[in-house]
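Inside the fold
For reference, the chains in residue letters:
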Amino acid sequence: MNDDGRPLFVQIAEEIASAVVDGTYPEETQVPSSNELAAFHRINPATAAKGLNQLVSEGVLYKRRGIGMFVAEGARTRLLESRREDFARQYIAPLVIEARKIGIDAEQLKKMIDVWGDDR
């Protein structure tokens, strides 16, 4: 786990969510248990469980009693949509605001993005 100031359970949730997005854990696939995550990362099992339960509350995972946690149907799509919204809010909105401040219109900005997107 990274020592970046974020709670460990958040890092666990993000790790599993990233693995869902990149296809490591496809829909209906079982994810590691809280005990497995705890042993691997050398953290308290309750901390790992909190990260998994966060994903359950977000609809990314679901519990099968006595069996474990599984990736929910449509989880990857929901995560991608959420990440795209976050990307727009974190990067695109400030880019557009700054472009307007310095007189770059939407068409010029699109051209600049096309140039920078061409195998740079």
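These figures come from a predicted structure and were not determined experimentally.

Contact pair helix H1 (residues 8-21) / helix H4 (residues 75-101): the axes reach a minimum separation of 9 Å and the direction vectors enclose 110°. Comparing the axis directions of H1 and H4 gives the class roughly perpendicular. Facing Glu-14, Ala-17, Ser-18, Val-20 and Val-21 of H1, the residues of H4 in contact are Ala-75, Arg-76, Leu-79, Leu-80 and Arg-83. Its residues assigned to classes, the contact of H1 with H4 comprises 6 nonpolar, 1 polar and 3 charged.

This paragraph deals with the packing of aromatic side chains. Scanning the entire structure with this criterion turns up 2 aromatic pairs. Taking the ring centre of Phe-9 as reference, the NZ or CZ of Lys-50 above it sits at 4.3 Å. Taking NZ or CZ as reference, Arg-64 lies 4.0 Å from the ring centre of Phe-70, over its face.

Formed by 23 residues in total, the largest nonpolar core has its most connected members in Ile-16, Val-31 and Leu-61. Residue assignment for this core shows that the elements contributing at least two residues are H1, helix H2 (34-41), helix H3 (45-57), strand E2 (68-71) and H4. The dominant element in this core, judged by the number of residues it contributes, is H1, at 7 residues. Dropping the residues within four chain positions of it, Ile-16 is found in contact with Tyr-25, Val-31, Pro-32, Leu-37, Leu-52, Leu-55 and Leu-61.

Glancing now at the pairing of strand E1 (residues 61-64). Summarising the sheet, E1 and E2 pair through 4 bridges and their orientation is antiparallel. Residue Leu-61 lies in a different strand from E2, and its bridge partner there is Val-71. The turn linking E1 back onto E2 is made up of 3 residues, and Gly-66 within it adopts a positive phi angle of 80°.

With that out of the way, let us pick up a negative patch on the surface. Together, Asp-105, Glu-107, Asp-114 and Asp-118 make up a negatively charged patch on the protein surface. You can see Asp-118 is positioned in the segment after helix H5 (106-117). Using a relative accessible area of 56% as the deciding quantity, one classes Asp-118 as exposed.

It is worth spelling out unusual backbone geometry at this point. The backbone of Glu-28 shows a phi angle near 70°, a positive value even though the residue is not glycine. Tracing the backbone shows Glu-28 in the loop between H1 and H2. We classify Glu-28 as partly exposed; its relative accessible area is 38%. Unlike most non-glycine residues, Arg-42 shows phi in positive territory, near 60°. Looking at the element boundaries, Arg-42 is found in the loop between H2 and H3. Residue Arg-42 is classed as exposed on the basis of its relative accessible area of 78%.

The next thing to look at is the UniProt feature "domain: HTH gntR-type" (unreviewed entry) in the protein chain. In this numbering, the UniProt entry assigns the feature "domain: HTH gntR-type" (unreviewed entry) to residues 6-74. In residues 6-74, the share of helix is 51% and the share of strand is 12%. The end C-alpha atoms are 27 Å apart.

What counts and how
Residues numbered from 1 in each chain as written. Predicted model: local features only at pLDDT ≥ 70, side-chain atom pairs only at ≥ 80, totals over all residues. Heavy atoms only, no water. Axes fitted to C-alpha atoms, helices over the stretch in contact; angles between N-to-C directions. Helix = DSSP H or I, 4+ residues; strand = E, 2+ residues; numbered from the N terminus. Parallel < 35°, antiparallel > 145°, perpendicular 65-115°, else oblique. Contact = heavy atoms within 4.5 Å. Nonpolar A, V, L, I, M, F, W, Y, C, P; charged D, E, K, R; others polar. Phe/Tyr/Trp six-rings, centres within 6.5 Å; stacked < 30°, edge-to-face > 60°. Lys NZ or Arg CZ within 6 Å of the ring centre and 35° of its normal. Core = buried A, V, L, I, M, F, W, Y, C linked by side-chain atoms within 4.5 Å. Buried < 20%, exposed > 50% of the residue type's maximum accessible area, 1.4 Å probe, protein only. Pairing = 2+ DSSP bridges. Patch = residues over 30% accessible without salt bridge, like charges linked within 9 Å, V, L, I, M, F, W, Y side chains within 5 Å. Areas by Shrake-Rupley, 256 points an atom, 1.4 Å probe, with all protein chains shown as cover. Salt bridge = Lys/Arg side-chain N within 4 Å of Asp/Glu carboxyl O. Lys, Arg positive; Asp, Glu negative; His and termini not counted. Charge placed at Lys NZ, Arg CZ, Asp CG, Glu CD. UniProt positions renumbered as here; feature names shortened; annotations may be inferred.

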